[in-house]
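Chain by chain, the residues:
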Amino acid sequence: MSDPIKKPAFPSIPDDEAVAALRRRGLNFVPSGHWTEIWQQAHQTGFTVAQSAGFDVLKDIHAALVRAMAEGWTFDRFRKDLTPILQSKGWWGRAERVDPLTGEVRQVQLGSPRRLQTIFDVNLRVSAAQGDWQRQQSVKDERPYLRYTALLDDLTRPLHRRWHGIILPIDHPWWKTHYTPNGWYCRCRVMSVSEEDLEAEGWTVSEAPDEGETPWVNPRTGEVLMVPRGIDPGWAYNPGNTDQAAHAARLAMDKLADLPPSLGAEAVAALAFAFPQVERELAEWIESVARQAETGQFRATGARRVVGAFAGDVLDFLQGRDIMPATAAISIGDADILHALRSAKVAPLPKEVWKRLPSLLASPAAIYWDLRKPGLVYVLEEPEVRGKIIILVDYIAKTGGKKILTNTVRTGRRAESLEEFKNPKWYVKVR
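Just so it is clear, the structure is predicted and the values come from calculations on it, not from any experiment.

Looking at the protein, pLDDT values average 80 and 77% of them are 70 or higher. By mean pLDDT, helix α2 (residues 42–45) is the weakest element of the protein at 52, and strand β4 (residues 167–169) is the strongest at 97. Contacts for the low-pLDDT stretch residues 1–14, under 50 throughout, to residues beyond four places or in other chains number 32 contacts. Across residues 34–39 the pLDDT falls below 50, and counting only partners more than four positions away or on other chains, this stretch makes 22 contacts in the model.

The following block contains the structure:
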């Protein structure tokens, strides 16, 4: 394989879905000592860089990648912007590090132009694939097939060249392992195809190729894994297909309501990797409520979803005011969604903001306690909107025919100015 630093850089084409996918992965930073420690599907919902354990650099690298993808940076721009930051934090060059698995001291490569090239290429390609998959899923009724496409030049792997033109139904199991990218610096992509495309191009649906598997020994653990031929170890997964995780994520979030507050606060941090799946289901629910409201058929049923939990510092603040919430879980009911989306509401938050509640509640710009109408105010300072979300603590809600105590998202609105939070007679800063 040729020197990676000489391979073509990722094409700098801004892509909203891909940028959103990359941002979501930033909710779950996973420091690691070696690339084999974070395996395949874990990269769908988390962000990691090998040899990052012990260094406060993941947030910096992730932020630079988001800007690069959102603004269409070249690799050179990315490298020049990020290198001084990494050097100032000591994450550069070769260094001696203690291997946490063996206890041995060994030489490792931290930051370098070559490593930044790999980080840039891998993360932008994986995020682009996640964006592709979301779009393909959204139109699969009209475009029910996927077609494997490779760049047919002297850098293309032999099997990837052979797979060029493979057309299979979008739900075919082959895409679970062979959806692109399929290795380091793999430039293959997958395109959606309609019945009309098949007829116009003279294409036919393929038989799924079976190239067999080859054993691979994980150098960190000694474990022998079977890897599909033609796919680099660690790449035999679909970066965008999180359907299997969605149901489990929803169940896990709902269980936060039953945990003691301190455990709930810890659990939601561990569940950050599941936010993309939770938000996808939440978005579908919100759209359903909105559609029913538009037709005048909506009636609140008391249905309620858990969308987050108070962090430890928020619980400490509440307890300092002699408020002991029954749970750390934060939920929202269907009636609250209807209220939030009413067109007559003053300065309503956009529907897209409500769909991202788990992410926004996990990382607000600030949190305040409202002294006038006791409740927590989560402040949003997003590129697309500035505003606030109001959460009532130990709110009595009726759901499933019974009354429960929950911390409910009661309402929210845009805010042209955040000056009001500077008034000590109205607000006390929590974070």
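When you line up the elements, phenylalanine 421 lands in the loop between β13 (402–414) and β14 (427–429). In this structure the C-alpha to C-alpha distance between phenylalanine 421 and aspartate 370, which are 51 residues apart in sequence, comes to 9.1 Å.

Turning to the sheet that holds strand β12 (residues 386–399), a few remarks are in order. As summarised here, the arrangement of the seven strands in space is β8-β9-β13-β12-β11-β10-β14, forming an open sheet in which the pairing is mixed. Looking at strand neighbours, the two that pair on one side only are β8 (304–309) and β14, the edges of this open sheet. Adjacent strand axes in the sheet meet at a mean angle of 40 degrees, parallel and antiparallel pairs treated alike. Where strand β10 (residues 366–370) meets β14, three bridges bridge the pair, whose relative direction is antiparallel. Within β14, the position partnered with aspartate 370 by the bridge is tyrosine 427. Along the sheet, helix α13 (residues 334–341) contacts β8, β9 (329–333) and β13; its crossing angle with β9, the most-contacted strand, is approximately 65 degrees.

The geometry of an aromatic ring pair is captured by two quantities: the separation of the ring centres and the angle between the planes. If you walk through the whole model with that rule in mind, you get 14 aromatic pairs. Centroid distance tryptophan 184 to tryptophan 235: 5.3 Å. Interplanar angle 80 degrees. Geometry classified as edge-to-face. Here tryptophan 184, found in the loop between α7 (174–178) and β5 (189–193), pairs with tryptophan 235, found in the loop between β7 (224–228) and α9 (243–254); they are 51 residues apart in sequence, far enough to count as distant. Here tryptophan 184 falls in the partly exposed class, since its relative accessible area comes to 28%. Of the aromatic side chains, those joined through ring pairs into one cluster are Trp133, Tyr148, Trp163, Trp174, Trp175 and Tyr179. Taking the ring centre of tryptophan 426 as reference, the NZ or CZ of arginine 372 above it sits at 4.3 Å.

Thresholds applied
Think of each chain on its own: its residues are numbered from 1, step by step along the sequence as written. At least 70 in pLDDT is required for a residue's local features to be given in this predicted model, at least 80 for side-chain atom pairs to be given and counted, and no such filter applies to totals for whole chains, interfaces and linings, which use all residues. Working from all heavy atoms in the structure, the side-chain values ignore hydrogens and water. By definition, pLDDT measures how confident the predictor is in each residue, and it falls between 0 and 100. Secondary structure elements follow DSSP: runs of H or I no shorter than four residues count as helices, runs of E no shorter than two count as strands, and numbering proceeds from the N terminus. In what follows, residue pairs with any heavy atoms lying within 4.5 Å of each other are defined as contacts. The criterion for strand pairing is that DSSP finds at least two bridges linking the strands in question. For helices, the axis comes from a line fit to the C-alpha atoms of the stretch in contact; other axes are also lines fit to C-alpha atoms, and the angle between any two N-to-C directions lies between 0 and 180 degrees. Stacked, tilted and edge-to-face are the three classes assigned to paired rings of Phe, Tyr and Trp, where Trp is represented by its six-membered ring and a pair needs centres within 6.5 Å; plane angles under 30 degrees give stacked, over 60 edge-to-face, the rest tilted. We call a residue buried when its accessible area falls under 20% of the maximum for its residue type, exposed when it is over 50%, and partly exposed in between, using a 1.4 Å probe and counting protein chains only. Any Lys NZ or Arg CZ that is within 6 Å of a ring centre and within 35 degrees of that ring's normal is treated as a charge sitting over the ring.

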